[in-house]
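# Coordinate analysis (summary)
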Amino acid sequence: MTKMLYTLKKEFLLITRDIHAVTVLFVMPAVFIMIMSLAMRDLFDLHHAVSIDVLAVNRDTGKRSEAFFKAMKEIPAFTFHFLDRDADAEKAKEQMLTRDVKFALIIEENFSTFVVKEKGEKGEKGEKEGKPLELLVDPSVNVQTQMVLRSALDGKLAQLRGDAFIDSIGGFLDSAGIDKEKLKAAEESQVAVHYIYKGGRSFKIPSAVQQSVPAWLVFSMFFIVIPLSNTFISERGQGTLMRLKSMNVSRFALITGKMVPYLFINAIQVIMMIAIGVLVVPFFGGTALTLGDSLGGLVLISASVSFCAISLALLIASVAGTTEQATTIGGVLNIIFGALGGIMVPKFVMPGFMQALAIASPMSWGLEGFLDIFLRSGSASDVLPESLSLFILGGVMLTLTMILLRRQKEV
Amino acid sequence: MIEIRNLCKSYNRKTVLDNVNISVRRGSIMGLLGPNGAGKTTLISILTGVIGKDSGNITVGGIDLDREAGRIQSMCSYVPQTLAFYARLSACENLEYFGSLWGLKGKKLKERMEFCIDAGSMQAFVDKRVDTFSGGMKRRLNLAIGLLNEPEILYLDEPTVGVDAQSRNYILETIRKINRERKTTIIYTSHYMDEIEQVSDEIAVIDEGRIILHDEKQAILTRADAVLIRVGQMGEDAVNELQPCEGVRIEKERIHIKRDEHLSENMAAVFAVFHDRGVRVDDVVFGHKTLEELFLKLTNDRLRD
């Protein structure tokens with residue numbers, strides 16, 4: 001027990017006095033959590049929805065376009081900035097570039113006419129007229145955002161046309177005793193949204209911090225491969241392992257002496273990153289992280305991620321010849337695991353085949369486990385499949401490490 | 001203290017130790033010499049239990065290494081050639097950690113740490129981080145860690161590599177002191193012949209996995225096959241006169257005369273030349289040889305890579 005306490009003390013001192021290790025294990029994930037939680041806040045949080053600027057040119061002189069804009073202003077996601085009535089598409093384009101605005105909407109002269117005419121009806125001159133709305137889009141805007149604006153425009157236009165139709169049959173409605181204004185009243189959304197949780201809780205709204213903390217926590221826990229493998233390789237290169245072996249310290253004790261301190265270091269990471277989510281992110285205007293209901297589940301998934309990361313570190317240390325090699329192998333593997341496992345890009349935005357490929361990354365298993373706890377209010381039994389997978393993979397890597405070390409006869 | 005019989009070890013079908021037989025007296029300092037790749041480190045690694053042997057028998061203090069390796073390891077300490085400790089820890093933290101691995105704790109650990117700090121003369125910098133130490137300070141710490149368990153046998157693998165003359169002298173003094181006061185048996189490897197000559201009681205030379213010489217230091221250094229005459233400056237004419245003499249070898253101001261049946265004739269001839277040419281004789285040593293000369297002769301002076 002005394003030996004293990006001094007080993008723990010030694011490893012803690014080595015880590016805390018290594019500025020690179022502290023940066024990689026604690027500073028980097030803390031900064032990532034802060035940045036990602038605040039940057040993606042509006043993607044998840046309805047109360048802080050971002051408003052996208054849209055330049056608007058109203059070339060229509062009719063009343064319908066005024067009504068259209070009034071309706072559009074009710075959509076909180078967009079803010080319209082009007083240009084002169086005589087501005088053409090070229091002028092709108094120039095303003096988009098100058099003011100760095102992603103959208104410009106041109107309401108054509110035929111807008112009011114279009115609203116009241118019947119479907120398929122030709123124009124005054126008998127030919128088919130152009131579309132009443134023209135949308136200029138910066139190519140950097142993603143398709144999803146374009147679709148949101150287009151749907152909003154189409155929806156409002158359809159409503160205007162419906163209102164115009166109601167006005168056109170006003171006489172019939174009056175004689176039938178039907179209130180025209182009631183028919184025109186804007187429909188509330190008829191789609192009810194419910195978030196699905198594994199546990200009993202149902203009041204939690206997914207937020208950026210709920211997504212960021214698990215993702216960057218798993219990423220940082222795996223980054224333990226760099227300091228751990230470097231320490232191990234340095235000990236081997238400096239003859240410290242040989243000295244320890246001459247002191248009758250067994251291979252098992254050496255490996256345990258590495259695993260236990262780093263399990264503690266991973267545990268500190270978990271506590272610290274959760275604390276940042278709960279206490280620091282709200283201080284900067286983000287939503288506070290809310291914890292799940294299962295402490296047991298949190299401990300189980302944390303321990304399994306930690307075991308897997310430490311085993312990977314030991315395997316890298318036994319394969320790599322130098323600290324430079326270990327840093328490169330560990331760093332590259334972590335980035336690939338992170339990209340593949342949904343750390344950098346959430347899995348739900350990936351295409352199907354990439355989501356299938358994500359299963360190859362142990363970070364993905366860990367992330368799913370943490371999301372089960374933080375987002376879906378899961379219990380220990382819910383994270384058991386991910387935890388077991390991580391423990392099994394860790395066990396396989398640890399066995400390989402022992403075989404390699406025995407062959408090398410250095411430890 | 002240490003008995004090695006018929007010890008063999010191979011790596012990848014290459015014989016590294018070939019039927020090694022050697023005994024080391026209790027309380028003696030044995031200097032182990034050998035060119036690079038001769039088998040010194042392998043021999044020490046086997047003795048310290050770091051690697052296994054292929055065959056042979058080793059007993060330490062009457063204990064069989066095969067049967068009670070752990071017990072033997074607790075009696076020994078190994079100070080590697082490399083600086084085998086943690087540079088980001090202080091000297092004190094290093095001693096504390098390695099001491100705890102020897103099972104020391106509480107008052108006993110403190111006592112042993114104090115002894116080692118004193119032995120390494122590290123009082124002034126014991127709480128400083130090791131990566132701020134000079135080469136000599138690091139070497140002293142490396143040695144001090146090896147003294148934590150009060151070893152009966154101390155294996156020192158080139159303990160003075162890369163240090164200044166003062167630290168080197170201090171380390172050698174410390175080694176002698178430990179041997180004298182605690183009767184610690186010490187196996188000492190070094191490439192510095194003068195160090196071995198200075199500290200050893202017995203000397204063993206290993207080459208290509210075989211012990212080719214092992215004896216008391218004095219016996220080795222006096223069991224020579226030449227008479228050495230050290231002279232003052234010798235002119236070219238004197239050199240030209242001596243060179244044709246069979247059994248006479250000239251090395252600057254040192255004349256070696258082979259000890260064979262022609263010794264008296266050769267001595268007479270050499271001294272006649274010295275008299276005629278006015279060469280000053282500084283010293284005459286019967287049967288003396290430096291360790292380096294002996295070592296190079298025994299191991300052939302070809303390069304070992």
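Residues numbered from 1 in each chain as written. Chains lettered and ligands numbered in written order. Predicted model: local features only at pLDDT ≥ 70, side-chain atom pairs only at ≥ 80, totals over all residues.

### Looking at the overall build of chain A
Put simply, the test is: Counting from the N terminus, the helices are the DSSP runs of H or I reaching at least four residues and the strands are the DSSP runs of E reaching at least two. Any residue surrounded by 20 or more other C-beta atoms within 10 Å of its C-beta is treated as buried, while 12 or fewer makes it exposed and the intermediate range makes it partly exposed; C-beta atoms here are placed from the backbone. Throughout, a residue-residue contact means that the two C-beta atoms, derived from backbone geometry, are no farther apart than 7 Å.
For chain A, the helix and strand inventory stands at 18 helices and four strands. Going through the 411 residues of chain A one by one, you find that 38% of them count as buried. Pairs at least 24 apart in sequence give 81% of the contacts found in chain A among residues at least 6 apart.

### Focus on unusual backbone geometry
If you check the backbone angles, Asn 248 of chain A has positive phi at about 65 degrees while not being a glycine. Of note, Asn 248 of chain A is situated in the loop between helix H12 (240-246) and helix H13 (251-283). Judged by local crowding, Asn 248 of chain A falls into the partly exposed class, with 19 C-beta atoms found within 10 Å. The backbone of Glu 158 of chain B shows a phi angle near 45 degrees, a positive value even though the residue is not glycine. Topologically, Glu 158 of chain B is positioned in the loop between strand S7 (153-157) and helix H6 (165-182).

### A few points about the interface of chain B and chain A
To keep it simple, the criterion reads: Side-chain classes follow a simple rule in which Ala, Val, Leu, Ile, Met, Phe, Trp, Tyr, Cys and Pro form the nonpolar group, Asp, Glu, Lys and Arg form the charged group, and the remainder, Gly included, forms the polar group.
Each side of the interface is counted separately: chain B has 23 residues, and chain A has 20 residues. Taken together, the elements giving at least two residues each to the side of chain B that touches chain A come down to helix H2 (69-75) and helix H3 (91-101) of chain B. No other element matches H3 of chain B, which puts five residues into the side of chain B that touches chain A. Class assignment of the residues belonging to the side of chain B that touches chain A gives a composition of twelve nonpolar, seven polar and four charged.

### Observations regarding the pairing of strand S13 (residues 254-258) of chain B
All names here are of chain B. Operational definition: Two strands are counted as paired when DSSP detects at least two bridges linking them.
Only one face of S13 is covered, namely the one carrying Ile 255 and Ile 257; the face carrying Arg 254, His 256 and Lys 258 has none of its residues buried. Bridging between strand S11 (residues 226-231) and S13 involves five bridges; their strand directions are antiparallel. Bridge pairing in S13 places Leu 228 opposite His 256. Relative to S13, strand S12 (residues 248-251) runs antiparallel, the two sharing four bridges. Within S13, the position partnered with Glu 251 by the bridge is Arg 254.

### What to know about the domain arrangement of chain A
Accessible area lost upon the coming together of the parts serves often as the stated size of an interface. Stated precisely, the cut-off is as follows: Boundaries between domains were set according to an automatic or database domain assignment.
Domain boundaries in chain A define domain 1 (6-43 + 206-408) and domain 2 (50-168). Spacing between the C-alpha centres of domain 1 of chain A and domain 2 of chain A amounts to 50 Å.

### Some remarks on the nonpolar core
What counts, and what does not: Remark: nonpolar core denotes a set of buried Ala, Val, Leu, Ile, Met, Phe, Trp, Tyr and Cys residues whose joining runs through C-beta atoms within 7 Å.
Membership of the largest hydrophobic core comes to 137 residues, with the highest contact counts inside it found for Val 218, Phe 222, Ile 224, Val 225, Ala 309 and Ala 313 of chain A together with Tyr 155 of chain B. Residue contributions to this core peak at 14 residues, all from helix H14 (residues 295-319) of chain A. Contact partners of Ala 313 of chain A, with chain neighbours within four places excluded, come to Ile 224, Val 225, Leu 228 and Ser 229 of chain A. Listed in part, the 19 residues of the second largest apolar core include Leu 55, Phe 68, Phe 103 and Leu 105 of chain A.

### A short note on the packing of helix H10 (residues 208-222) of chain A against helix H17 (residues 362-374) of chain A
All names here are of chain A. For the record, the criterion: Here an angle of 0 to 180 degrees is reported between the N-to-C directions of two axes, which are lines fitted to C-alpha atoms, with helices fitted over the stretch in contact. Crossing chirality is assigned from the near helix's rotation relative to the far helix, an anticlockwise turn below a right angle marking it left-handed and a clockwise turn marking it right-handed.
Where H10 meets H17, the closest approach of the two axes is 9 Å, and the angle between their N-to-C directions is 140 degrees. Between H10 and H17 the crossing geometry is right-handed. Of H17, the residues touching H10 (which contributes Gln 210, Val 213, Pro 214, Ala 215, Leu 217, Val 218, Phe 219 and Phe 222) are Met 363, Gly 366, Leu 367, Phe 370, Leu 371 and Phe 374.

### What about the pairing of strand S2 (residues 78-82) of chain A?
Residue and element names in this part refer to chain A. Heads up, the condition is: For crossovers, right-handed means that the path from the first strand over the helix to the second runs clockwise, given strands pointing away from the viewer.
Bridge count between strand S1 (residues 52-58) and S2: five bridges; the pairing is parallel. Across the sheet, residue Ile 52 finds its bridge partner in S2, namely Phe 78. Handedness of the β-α-β unit built from S1, helix H4 (residues 63-73) and S2 comes out right-handed.

### Describing the sheet that holds strand S10 (residues 210-216) of chain B
Residues and elements named next belong to chain B. On the basis of which strands lie adjacent, the open sheet formed by six strands has the order S6-S7-S8-S3-S9-S10 and mixed pairing. Each edge of the open sheet carries a strand with a single partner, namely strand S6 (76-79) and S10. Shown here is a sheet whose adjacent strand axes are inclined to one another by a mean of 15 degrees, direction ignored. In terms of strand pairing, S7 meets strand S8 (residues 185-189) through five bridges, oriented parallel. Residue pairing in the sheet places Asp 157 in a bridge with Thr 189 of S8.

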